[in-house]
Amino acid sequence: MPEDHPVPGPADPAIRVVELRKTFVVPEREAGLKHAIRSLVRRRTRQVNAVDGISFDIAPGEVVGFLGPNGAGKTTTLKMLAGLLYPTGGGLTVLGATPSRREKDFLSRITLVMGNRNQLEWDIPAADSFELNRAIYRIPPQAFAETRDELVELLEVGDLVRKPVRNLSLGERMKVEIVGSLLHRPQVLFLDEPTIGLDVTMQKRIRAFVAEYNRRYGATVLLTSHYMADVVALCKRVIVIHHGRILFDGGLSGLSSRFAAYKTIGVTLDDPTIDLGAYGEVIHRDDQKITLRVPKLETSRITARLLSEQAVADLTIEDPPIEDVIETVFASGEDDERLPEREKVSE
Amino acid sequence: MSAVVERSGRPAAPGLPDRPRVGRVRSMVDLYLTEMRTAIAVQFQYRVANYFYMIGMVAEPVIYLVVWSSVARSQGGAVGGYTPGEFAAYYIVWTLVRNINIVFTPYGWEWRIQKGQLSGQLLRPIHPIHYDLGYFAGMKFVVLVLWLPIAAILSLAFHPTLQPSGLGIGVFFVALWGAYLIRSLNMWVLGMITFWTTRVSAIFELYMALELIFSGRLVPLTLLPGWAQGVANFLPFQWTFGFPINALVGKLSTTQLLEGLGMQALWIGIGATIIHFVWRAGIRRFSSVGN
């Protein structure tokens, strides 16, 4: 096999992204017949920088959360990494290969699971579709049977794979989709909202499975999800993207310390009827405990005041929920005046 | 087993063992057989619907058959060299050829792109045309089983006259798959226009109109005016309908039978070449725009 790209060594990242850009040209017009006719003569387009010069490395075996609001550029990035989209600029390698070349060897080593799309045959049991994947990925029968049985056991879908896919619930379908996507034992997993629309129990099961797959095979995982529980459970590192640019790349704990503008103080008083509004915003109160939201820089001073002025039975200081932190990060992206103009209109 | 197993040729990523793979040729045969089994399983899920679909499809050739048989009788027993019995044979074989000719259409391409199915196929290390060729080939086995009773009833009703040679029968079975390949490739070429416009249906309708006239679908080609037969010789359509039908009905000489297979091979080559180049351009376009 001819090799015209470097083979990754043990110290090389599994994924390397350098100044990656993707620009779409999108037609647009105002509503109404007049504008419809006008657009026949004069076509108006908008250039959208979906991904605007992002760079990061992901080490082999790392599980990274890729976060951002809708339209941030997450899925576009994942598609470029999986070879479905050509980058407009910049460079990227996955397992040493250039994804846009879509070489068979590269495609045999990755998978992209999209929570809102299914690839299994609708009308037949998933077990039959698995056979098709065996043939496509040229998996020897013995290895195929071992992997299939292992994945089926891990996701507890023994009964489900014998039913036609159309008869499965959304969560059941997602589980068998994941089995189908991993039969070739990919070394890099791109998971785009794998738990979307699933109930809490099913979400937990899929999280546990991804963690186990990563542990067992040392696979690299890049995960997008709107459910922060997915990210907290699986990812030590997160990359936050907004308007096609990276706002944060680092540890999950670092995200809170850098972006959380406040902390929460949980106070248990001897007399729980006392009003603590003077110390901070009361965001929760029950029979025993009052939860206050206070500015992060004021936390020490307010805690000291509470302890000295009130009869405190117990006190805890916590970072805000990660959902709130992410909201703050996204809001900081919206407000960041340093961001260049992303969209240019051309006709 | 070791003789048919190869490795990828690239070192695995750190910490991951490289995995053996089945040999390339064996895996391709395996893929086609598995696709065909899958198609058969899917089609048997819808056997009743399929049957009604086929019965509905019979209406078209029966109308042609009744009309042309009447014309033949009114002109003293034959028209354009076809007797009513030969028209019956022509249009009964037509029903099988038509079913073999059902392939993935541009409508399917529109759906495939709009629903993101093509993206899923592009993630796999195999050209998507193999899915379509294998899958629709598998469907034909179901079609054949369903077609036999229909052919029997039509034969009882219309008394076909066939005079096939041994070579003609052999060529017919090869030509059926040649027709299937030509039409599959033609539809792929049309379908790939979806990479540039999502409304390829209009072009597809034009194709169907030309095919109806110049393929032998509407009427045996020998009944067309000379100029139309001349035009048909420069188009692929007759090799997907008229040629396989006439091979079995017994209307072709040995030379014509062998030339016909050669023409089928030529059009398969042309179709495959066009697909090779258009696919590369189309996929580049698709990957730039995305879905």
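Everything below is about the structure printed above this text.
First things first, this report covers the structure right here in the doc.

Reading the values: rules and limits
- Residues numbered from 1 in each chain as written.
- Chains lettered and ligands numbered in written order.
- Predicted model: local features only at pLDDT ≥ 70, side-chain atom pairs only at ≥ 80, totals over all residues.
- Heavy atoms only, no water.
- Helix = DSSP H or I, 4+ residues; strand = E, 2+ residues; numbered from the N terminus.
- Buried < 20%, exposed > 50% of the residue type's maximum accessible area, 1.4 Å probe, protein only.
- Contact = heavy atoms within 4.5 Å.
- Areas by Shrake-Rupley, 256 points an atom, 1.4 Å probe, with all protein chains shown as cover.
- Pairing = 2+ DSSP bridges.
- Axes fitted to C-alpha atoms, helices over the stretch in contact; angles between N-to-C directions.
- Arc of directions from axis to C-beta.
- Phe/Tyr/Trp six-rings, centres within 6.5 Å; stacked < 30°, edge-to-face > 60°.
- Core = buried A, V, L, I, M, F, W, Y, C linked by side-chain atoms within 4.5 Å.

Helix and strand counts for chain B stand at 11 helices and two strands. In chain B, the succession of helices and strands from N to C terminus is β-β-α-α-α-α-α-α-α-α-α-α-α. Seen along its three principal axes, the alpha-carbon backbone of chain B occupies a region of about 85 × 45 × 40 Å. Buried residues in chain B amount to 51% of all 291 residues. Summarising the internal contacts of chain B: among those between residues at least 6 apart in sequence, 77% fall at separations of at least 24. Element-wise, carbon and sulfur atoms account for 69% of the exposed surface of chain B, whose accessible area totals about 12,900 Å².

Within a sheet, each strand pairs with its neighbour through backbone hydrogen bonds, oriented either parallel or antiparallel. All names here are of chain A. Spatial strand order, E11-E12-E10-E13: four strands in an open sheet with antiparallel pairing. The open sheet has two free edges, formed respectively by strand E11 (281-285) and strand E13 (312-318), since each of these has just one partner strand. On average, each strand axis in the sheet is inclined to that of its neighbour by 25°, with strand direction left out of account. Taken together, the seven bridges between strand E10 (residues 262-269) and strand E12 (residues 289-295) define a ladder with antiparallel strand orientation. Its bridge partner lying in E12, Lys263 is registered against Val294. Against the sheet, helix H10 (residues 299-309) engages E10, E12 and E13, with an angle of about 170° to E13.

Bringing H10 of chain A into the picture now. Residues and elements named next belong to chain A. Buried within H10 we find Thr299, Ile302, Thr303 and Leu306. Each buried residue of H10 lies within a common arc of 100° when the element is viewed along its axis, so the set occupies one face. Opposite the buried face of H10, by more than 90 degrees, sit the exposed residues Ser300 and Ser308.

On to the environment of Ala72 of chain B, then. Residues and elements named next belong to chain B. Tracing the backbone through its elements, the reader meets Ala72 in helix H2 (residues 47-74). The sequence separation of Ala72 and Ala59 amounts to 13 residues, and the corresponding C-alpha distance is 20 Å. Setting aside residues no more than four positions away along its own chain, Ala72 makes contact with Gly77, Ala78, Val79, Tyr82, Pro84 and Phe87.

Attention shifts here to the sheet that holds strand E8 (residues 237-242) of chain A. Residues and elements named next belong to chain A. One open sheet accounts for six strands, arranged E5-E6-E7-E3-E8-E9; its pairing is mixed. Each edge of the sheet is formed by a strand with only one pairing partner; in this case those strands are strand E5 (110-114) and strand E9 (245-251). Sheet twist, expressed as the mean angle between neighbouring strand axes with direction ignored, is 15°. Inspection of the sheet shows strand E3 (residues 63-67) paired to E8 by four bridges, in the parallel sense. Its bridge partner lying in E8, Phe66 is registered against Ile239. Across the face of the sheet, helix H6 (residues 170-182) comes into contact with E5 and strand E6 (188-192) while running at roughly 165° to E5.

Next up on the list: the packing of aromatic side chains. As enumerated under the stated definition, the model contains 25 aromatic pairs over all chains in all. With a centroid separation of 6.3 Å and 40° between ring planes, the pair formed by Phe209 of chain A and Tyr213 of chain A is classed as tilted. Of this pair, Phe209 of chain A and Tyr213 of chain A both sit in helix H7 (residues 200-217), four residues apart, which is roughly one turn of that helix. Between the aromatic rings of Phe195 of chain B and Trp196 of chain B, the centroid separation amounts to 6.2 Å while the plane-to-plane angle is 80°, which identifies the pairing as edge-to-face. The class of Phe195 of chain B is buried, set by a relative accessible area of 6%. We classify Trp196 of chain B as partly exposed; its relative accessible area is 41%.

Nonpolar side chains in soluble globular proteins tend to end up buried together. Within the largest apolar cluster, 110 residues are counted, with the highest numbers of intra-cluster contacts made by Ile15, Leu81, Val94, Ile110 and Phe190 of chain A together with Phe195 and Trp279 of chain B. Among the elements that take part in this core, helix H6 (residues 129-158) of chain B stands out by supplying 13 residues, more than any other. Ignoring sequence-local partners within four residues, the contact set of Phe190 of chain A consists of Ile15, Leu78, Leu81, Ala82, Val94, Ile110, Thr111, Leu112, Val113 and Leu222 of chain A. Counting residues in each nonpolar core, the second largest holds 59 residues, with Val165, Leu198, Val238 and Leu247 of chain A among its members.

Attention now goes to helix H2 (residues 74-82) of chain A. Residues and elements named next belong to chain A. By the criterion of burial, H2 is predominantly enclosed, with eight of the nine residues buried. Considered for burial, the residues of H2 that qualify are Lys74, Thr76, Thr77, Leu78, Lys79, Met80, Leu81 and Ala82. Two residues or fewer past H2, Gly83 is found with a positive phi of approximately 90°.

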